[in-house]
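# Residue-level structure breakdown
Listed below are the residues making up each chain.
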Amino acid sequence: MTQNTHMENLRQIAGPDGSTSEADILTPHLTEWRDKFHGSTPLMLMPADVETASRLIAYCQEYNIKLVPQGGNTGLVGGSTPGLEGRTEVLFSTKRLNKHCVVDADNFSITADAGCTIAELQTQAAAHDLLFPLSLASEGSCTVGGVISTNAGGIHVLRYGTTRALTLGLQAVLPNGDILDELTALRKNNTGYNLSQLLVGAEGTLGLVTRATFKLYPREVQKHTCLLAVDSPQKALKLLASARIASGDRVSAFELMPRFGIELVLKHIPGTSDPLGGSHPWYVLTDIANSRGDAALEHDISAWLETSIEDGVIADGSVAASLSQAADFWRLRESMSEAQKIEGGSIKHDIAVPVSRVPVFLAKASDAVLELIPNARLVAFGHLGDGNIHFNLMQPQGTDKLQFLARWEEVATLVHDIVTGFGGSISAEHGIGTLKKRELSRLKSDASLAAMRSIKNALDPNTIMNPGVLFNE
Ligand SMILES: Cc1cc2nc3c(=O)[nH]c(=O)nc-3n(C[C@H](O)[C@H](O)[C@H](O)COP(=O)(O)OP(=O)(O)OC[C@H]3O[C@@H](n4cnc5c(N)ncnc54)[C@H](O)[C@@H]3O)c2cc1C
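Along each chain, the written sequence defines residue order, and numbers are assigned to residues from 1. Per-residue local features are limited, in this predicted model, to residues with pLDDT of at least 70; the limit for side-chain atom pairs, both in listing and counting, is 80 or more; totals at the level of whole chains, interfaces and linings are taken over all residues.

### A short note on the site of the ligand
Proximity of a residue to a molecule or strand is defined by its backbone-placed C-beta atom lying within 6 Å of that partner. In the vicinity of the ligand, 37 residues are found, and the nearest of them are Gly71, Gly75, Gly79, Gly145 and Gly146. Counting from the N terminus, the helices are DSSP H or I runs at least four residues long and the strands are E runs at least two residues long. Broken down by element, the shell around the ligand gets its largest block of residues, five residues, from helix α5 (residues 144-150). Partitioned by chemical class, the residues of the shell around the ligand number 13 nonpolar, 22 polar and two charged. Residue ranges for the domains trace back to a domain assignment, done automatically or taken from a database. Composition of the shell around the ligand by domain shows at least three residues from each of domain 1 (3-93) and domain 2 (101-218). Only Asp, Glu, Lys and Arg are considered charged in this grouping, and only Ala, Val, Leu, Ile, Met, Phe, Trp, Tyr, Cys and Pro are considered nonpolar; every other residue, Gly among them, is considered polar.

Here is the structure:
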């Protein structure tokens, strides 16, 4: 059969509204958020139920048709772009798998279809006075299937864990078309391998996630958002430890930002302003929160801030006096990627090292990259509470963007070697995708890579699901 016949057969299985090849509709699905990857596809499939998804994937398996799952297309490593590296791949969108989003309040859990956005889950949980703690700047667009497949992190990992920790169970279509029903809402379930967790972080290589159940928590009703200036990452680290102890471990977010990053936001993002007067090398943005109003917590935070100022740990700071002021503080942090994008080209690293090693990593990696590209502008920011830093380099002023970006691999090799030396990870939360597969094969042990390949071969021997990601074939 010709490719055209296969595409026609897939269209038939998908049913009315279940597929498209129209260029106008496809275009936004073929470019990645950073504009780094541009793909192509002969067909986008959009099944509206798991049974149709199963029939479509079984057909792809039978005729060895490659496919790329896509949720909100906010991934940052080229994992959801079809047709890269000369491959022909069908795009498998979950945009119509978005009907079911139901809270079980007594079980503190929520079950939602793969195509529901994270913002929808947060809203549903809040309607029951509960918290779905996954929170990231892309939450209005990124989906259940996407966050599971990338094991997304975000700002609340310090307190509530990554997507992996929040996932109780899931339903997926395996590469042979079987429907894997592990959609349990159980807290305890020791019945052999945890197959749901196998799909968390699998980046669409082991199956199409169609539905999932996550943990919920009591809603944070009391929240203190503090923007604090510090002289160094070392002082920020000290502040993290003292905040956790002083608050009875109620720190739910702890972010580090450099002055240059703040300046980029002030320059490019309308309506932003600097809440602190002077200029300081580093800033910490922290939320300390509680699920009930607690005057003692307020008192503890005031005492912690006073002591930290007296001890010279905090140089300046402000505690948000209202929800809207807290949102303004968070806007500085959440707009940091957007502001860099507007300013110019960036070479980006999403790394993790043990929390205690962040300051020394920053010092060593900054020296190394500035020796390589002397006038590069560093924007190292992120989730200090998790040891996860987005170690980004902006093109030197007045230089050519493409020439600078052409040095991505050279710079990444340097940074990743330093990360590895600290026992760290070259992908803390964005995944491997297409972008980092060579680095993964260079830096992961042979035994780990062999085990990963065995799992892939067992479930997807013809490599039909996302063939271009994770593995450097
Ligand atoms: C402004 C911005 C801020 C961000 N901040 C964070 C952050 O703080 N923390 C963080 O972790 N990430 C962050 N991200 C990255 C991104 O939002 C996450 O990786 C998110 O999980 C991707 O979800 P998605 O639905 O957009 O997935 P997509 O981008 O569509 O896909 C991502 C990967 O998952 C696979 N996939 C998607 N759906 C399925 C499915 N149903 N079944 C199987 N595989 C599937 C794709 O094939 C691809 O490999 C940010 C991105 C942006 C643009």
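### So, the sheet that holds strand β6 (residues 109-113)
Should DSSP find at least two bridges between two strands, the strands are taken to pair. Strand order in this open sheet of five strands is β5-β6-β10-β8-β9, and the pairing throughout is antiparallel. Each edge of the open sheet is held by one strand with a lone partner, namely β5 (101-104) and β9 (179-182). This sheet shows a mean twist of 15 degrees between the axes of neighbouring strands, independent of strand direction. Bridge analysis of β5 against β6 gives four bridges, and the strand direction is antiparallel. Bridging from a neighbouring strand, aspartate 104 pairs with serine 109 of β6. Here, residue contact means that the backbone-derived C-beta atoms of the two residues sit within 7 Å. Helix axes use the C-alpha atoms of the stretch in contact, all axes being lines fitted to C-alpha atoms, and the angles between their N-to-C directions lie in the range 0 to 180 degrees. Where helix α3 (residues 50-62) meets the sheet, it contacts β8 (167-173), β9 and β10 (208-215), and its direction lies at approximately 55 degrees from that of β8.

### Some remarks on helix α12 (residues 323-334)
The span you would expect from a helix comes to 1.5 Å times its residue count less one. End to end, α12 covers 16 Å across twelve residues, agreeing with the expected 16 Å (1.5 Å per residue, within 8%). Counts of 20 or more other C-beta atoms within 10 Å of a residue's own C-beta define buried residues, counts of 12 or fewer define exposed ones, and intermediate counts define partly exposed ones; C-beta atoms are placed from the backbone. Taken as a whole, α12 has its buried residues at Phe329, Trp330, Leu332, Arg333 and Glu334. For α12, the elements touching its buried residues are β12 (222-230), β13 (251-258), α10 (259-268), β14 (282-290) and α13 (336-343).

### What about helix α1 (residues 3-14)?
An α-helix turns once per 3.6 residues; consequently, residues spaced three or four apart project the same way. With twelve residues, α1 should reach 16 Å at 1.5 Å per residue; the first-to-last C-alpha distance of 16 Å fits that figure. In the segment just after α1, glycine 15 is the residue with positive phi, at about 80 degrees.

### Thoughts on the sheet that holds strand β1 (residues 19-20)
In spatial order, the strands read β1-β2-β4-β3; together these four strands make up an open sheet with mixed pairing. Looking at the sheet topology across the chains shown, the edges are occupied by β1 and β3 (67-70).

### Structural notes on the domain arrangement of the protein chain
Assigned domains within the protein chain: domain 1 (3-93), domain 2 (101-218), domain 3 (222-337) and domain 4 (344-430). A separation of 43 Å is found between the C-alpha centroids of domain 1 and domain 3.

### Examining the environment of leucine 384
Secondary-structure assignment places leucine 384 in the loop between β18 (377-383) and β19 (388-394). When the C-alpha atoms of leucine 384 and aspartate 181 are compared, they prove to be 37 Å apart, with 203 residues separating the residues in sequence. What leucine 384 contacts, discounting residues up to four positions off in sequence, is Ala236, Leu240, Phe254, Glu255, Leu256 and Val358.

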